[in-house]
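Each chain is listed here by its residues.
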Amino acid sequence: MTSFNRSTSRRLKKLTQIPSVWEGDRRPLSSPTQHSHSEDKGECILWVDGSQGMVRGMDVISPDTGPEAIVRTLMRAMEHPHSPAKPARPQRIVVKDREIQFYLRGVLQDLDIAIDYAPELPLIDELFRGFAEIIDNQTPDLPPQYAQALHNKAFAMWEAAPWEYLEEQQILSIEINKWDVGTLYASIMGMLGMEYGILFYRSEDSLKRFRAAVLQDDDSQGHLEEAFLKQDCLFLTFDTEEEEDDDDEFEDLADLALSEITPTFGTIHPLEGLRSVLYEEEAIVIFLALESLSRFIRDHRHQLFAEEFPSLSHRYRISLPEAKEETKTVSVTVATMPELAAELEEMADLTASEEEIDELDSSDFRSLRDDLIPEDSFLSLGVISWEMLECLRKGVTYHQAGEIKPVGDGLPVILIQTSRPKAKTVIESMEAAGGLNAICFNPGADPFDGDRYDLGLLQTQNGELFLFGEFLDEDPIHVEARQKWNQRCKQTKGYCGLIIAKGLTGASRGNPQLRDMMALFEARSLSPKDLGIGTLQLMPQFQLE
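Residues numbered from 1 in each chain as written. Predicted model: local features only at pLDDT ≥ 70, side-chain atom pairs only at ≥ 80, totals over all residues. Heavy atoms only, no water.

(A) Structural view of the packing of helix α5 (residues 144-160) against helix α8 (residues 280-304). At a closest axis distance of 10 Å, the pairing of α5 and α8 adopts a crossing angle of 30 degrees. The angle between the axes of α5 and α8 places the two elements in the roughly parallel class. Where α5 crosses over α8, the handedness of that crossing is left-handed. Of the residues in α8, those in contact with Gln-145, Tyr-146, Ala-149, Leu-150, Lys-153, Ala-154, Met-157 and Ala-160 of α5 are Glu-280, Ala-283, Ile-284, Ile-286, Phe-287, Leu-290, Glu-291, Leu-293, Ser-294, Ile-297 and Arg-301. (Axes fitted to C-alpha atoms, helices over the stretch in contact; angles between N-to-C directions. Helix = DSSP H or I, 4+ residues; strand = E, 2+ residues; numbered from the N terminus. Parallel < 35°, antiparallel > 145°, perpendicular 65-115°, else oblique. Left-handed = near helix turned anticlockwise from the far one by under 90°. Contact = heavy atoms within 4.5 Å.)

In structure tokens:
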């Protein structure tokens with residue numbers, strides 16, 4: 001049994017011993033009337049001064065925490081009690097658990113405190129009854145009779161993954177005409193790999209107003225928050241219970257197992273704000289919306305994959321869980337809205353065109369672009385073994401650049417890791433440009449602050465140059481990586497590769513595994529002399545009035 005250090009015992013014995021009896025116990029936080037398991041809420045440790053009727057210490061812990069926790073809380077109750085109690089040591093402690101009694105007798109044997117057993121602890125019993133009443137009076141996130149059905153529909157929607165082929169502006173109408181709800185307008189989130197879920201707008205006007213507000217030339221946090229809270233919609237979003245890294249703005253959930261995904265339901269209204277609680281009628285409506293949408297996606301999946309957003313409509317009769325006889329089934333009609341989708345896309349295109357700045361082409365080469373590789377990507381210069389190369393050739397899309405002889409420790413590669421949707425976009429853009437022709441590092445300079453750079457460039461088969469990285473010449477880590485890159489490219493007679501991988505925000509961040517690698521482009525390595533564009537200089541941008 002763990003015991004106090006001698007110095008700790010001496011410190012505790014210096015506390016004034018008061019003629020008080022303290023009650024102590026450890027109990028589940030959940031109410032006996034709740035159907036959920038106690039471990040959902042954790043356990044509470046309480047130390048109460050029964051003589052003075054005050055709580056001296058309290059902690060909420062995980063149910064699997066060991067018996068040491070009750071001693072830690074007791075130490076705080078003695079040395080740093082809740083106000084207005086003063087630091088002190090009791091003469092007697094009473095508990096209602098025999099195991100706790102024997103444990104405390106062994107741990108506290110040097111502190112001259114009597115440890116007794118009592119079948120009832122009146123003060124603590126009263127406090128826990130109050131806790132139970134509070135828990136019973138809490139409104140659950142979902143009505144109990146619909147909670148399981150809604151979670152089942154949410155997970156079915158996650159597995160259907162409609163965001164893989166439906167963009168946010170490709171709206172689907174869901175006509176219900178019950179419970180004061182006419183038609184919902186469903187917007188699918190997730191194709192950009194940032195947030196996954198479905199917004200069910202209660203009106204077409206609300207949807208348009210929100211998109212117009214987001215497209216305004218004002219990306220301040222206050223503006224975006226105001227626009228967000230002015231929406232009028234029900235929602236289902238997907239997240240993970242794991243805490244996000246501070247450096248990750250968005251969590252890429254697409255590669256996580258179903259058990260790691262958590263669905264959240266709620267509603268937003270301009271006057272009510274955000275509420276992550278659904279009441280009965282709202283739960284029924286979102287159940288109908290999810291079930292009808294799932295059926296529609298199942299029935300028209302191949303048509304929705306088409307390049308043009310098709311005009312489709314389908315009517316379904318849906319049975320409600322826990323329904324009254326008069327509303328046992330409801331007729332719901334789901335339809336695509338190609339005209340609205342075109343209108344929303346035109347709004348976005350108009351905003352984008354207003355923000356474009358014309359670029360002047362150099363006489364020596366086509367314009368250097370920086371819109372291929374996402375800004376938040378993970379980038380590394382490295383090497384893959386020849387065995388790994390063969391596995392990649394079989395498992396991913398790649399462009400053969402020529403016969404590569406396996407010389408040296410492997411093929412030098414540039415690895416770019418991003419989210420899966422963004423990786424797909426990069427691959428499609430590369431293929432549209434004819435594939436990758438070459439990888440080059442070219443000198444660059446900033447004439448304003450005097451910094452010099454090593455610019456990583458990708459040259460596609462159509463002659464375009466894309467910037468994938470800017471590295472300071474004085475960065476020792478990059479200097480060493482470049483030296484190894486040059487040595488390996490010399491061994492392979494100039495052959496190298498580009499790997500595009502997914503999983504930026506998953507467990508494999510910074511260390512993608514074979515399953516994460518989506519494309520391998522084999523290419524040649526060009527020297528700055530071969531590229532022949534000289535030192536690139538950062539130029540100021542001017543906007544004409």
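(B) Structural view of the state of the cysteines. If you walk through the whole model with that rule in mind, you get 0 disulfides. Unpaired in this structure, Cys-440 has its nearest cysteine sulfur neighbour in Cys-496, at a distance of 10.0 Å. Under the relative-accessibility criterion, Cys-440 is labelled buried at 3%. (Disulfide = S-S within 2.5 Å. Buried < 20%, exposed > 50% of the residue type's maximum accessible area, 1.4 Å probe, protein only.)

(C) Quick peek at the pattern of salt bridges. The tally for this structure, following the rule as stated, stands at 27 salt bridges. With a shortest N-O distance of 2.5 Å, Lys-153 and Glu-291 are connected by a salt bridge. Residue Lys-153 is found in helix α5, and its partner Glu-291 is found in helix α8; the two are separated by 138 residues along the sequence. Given the relative accessible area of 11%, Glu-291 is considered buried. For Lys-422, the salt bridge identified is with Asp-376, shortest N-O distance 3.4 Å. (Salt bridge = Lys/Arg side-chain N within 4 Å of Asp/Glu carboxyl O.)

(D) How the structure looks around the packing of aromatic side chains. Under the criterion given, the structure shown has 8 aromatic pairs. Taking the centre distance of 5.3 Å and the plane angle of 50 degrees together, the rings of Trp-158 and Trp-163 count as tilted. Seen from their ring centres, Trp-163 and Phe-238 are 5.9 Å apart, and the 65 degrees between their planes marks the pair as edge-to-face. In this pair, Trp-163 sits in the loop between α5 and β6 (172-178) while Phe-238 sits in strand β9 (residues 233-240), placing the two residues 75 residues apart along the sequence. The pair Trp-163 / Phe-238 is uniform in exposure class, with both members buried. (Phe/Tyr/Trp six-rings, centres within 6.5 Å; stacked < 30°, edge-to-face > 60°.)

(E) Expanded view of the sheet that holds strand β11 (residues 273-275). Strand order across the open sheet formed by 8 strands is β11-β10-β9-β8-β7-β6-β13-β12, with antiparallel pairing between neighbours. Edge positions in the sheet fall to β11 and β12 (313-319), since each of these pairs with one other strand and no more. Each adjacent strand pair in this sheet contributes to an overall mean axis angle of 25 degrees, direction not counted. For β12 and strand β13 (residues 329-336), the ladder comprises 7 bridges, and the chain directions are antiparallel. Bridging across to β13, Ser-313 finds its partner in Ala-335. (Pairing = 2+ DSSP bridges.)

(F) Main features of the sheet that holds strand β3 (residues 54-61). Taken in spatial order, the 5 strands make up an open sheet running β3-β2-β1-β4-β5, and their pairing is mixed. Two strands lie at the open edges of the sheet, namely β3 and β5 (114-117), each paired on one side alone. Direction aside, neighbouring strands of the sheet carry axes that sit 20 degrees apart on average. Here strand β4 (residues 89-95) runs beside β5; their pairing, made up of 4 bridges, is parallel.

(G) Spatial organisation of helix α11 (residues 420-432). When the terminal C-alpha atoms of α11 are compared, their 18 Å separation across 13 residues agrees well with the 18 Å that a helix rising 1.5 Å per residue should span. When we look at burial in α11, the residues that qualify are Arg-420, Pro-421, Ala-423, Val-426, Ile-427 and Met-430. Buried residues in α11 make contact with β8 (196-201), β18 (436-445), β19 (452-460), β21 (495-501) and β22 (517-526). Immediately beyond the C-terminal end of α11, within one or two residues, lies Gly-434, with a positive phi of roughly 90 degrees. (Expected span 1.5 Å × (residues − 1).)

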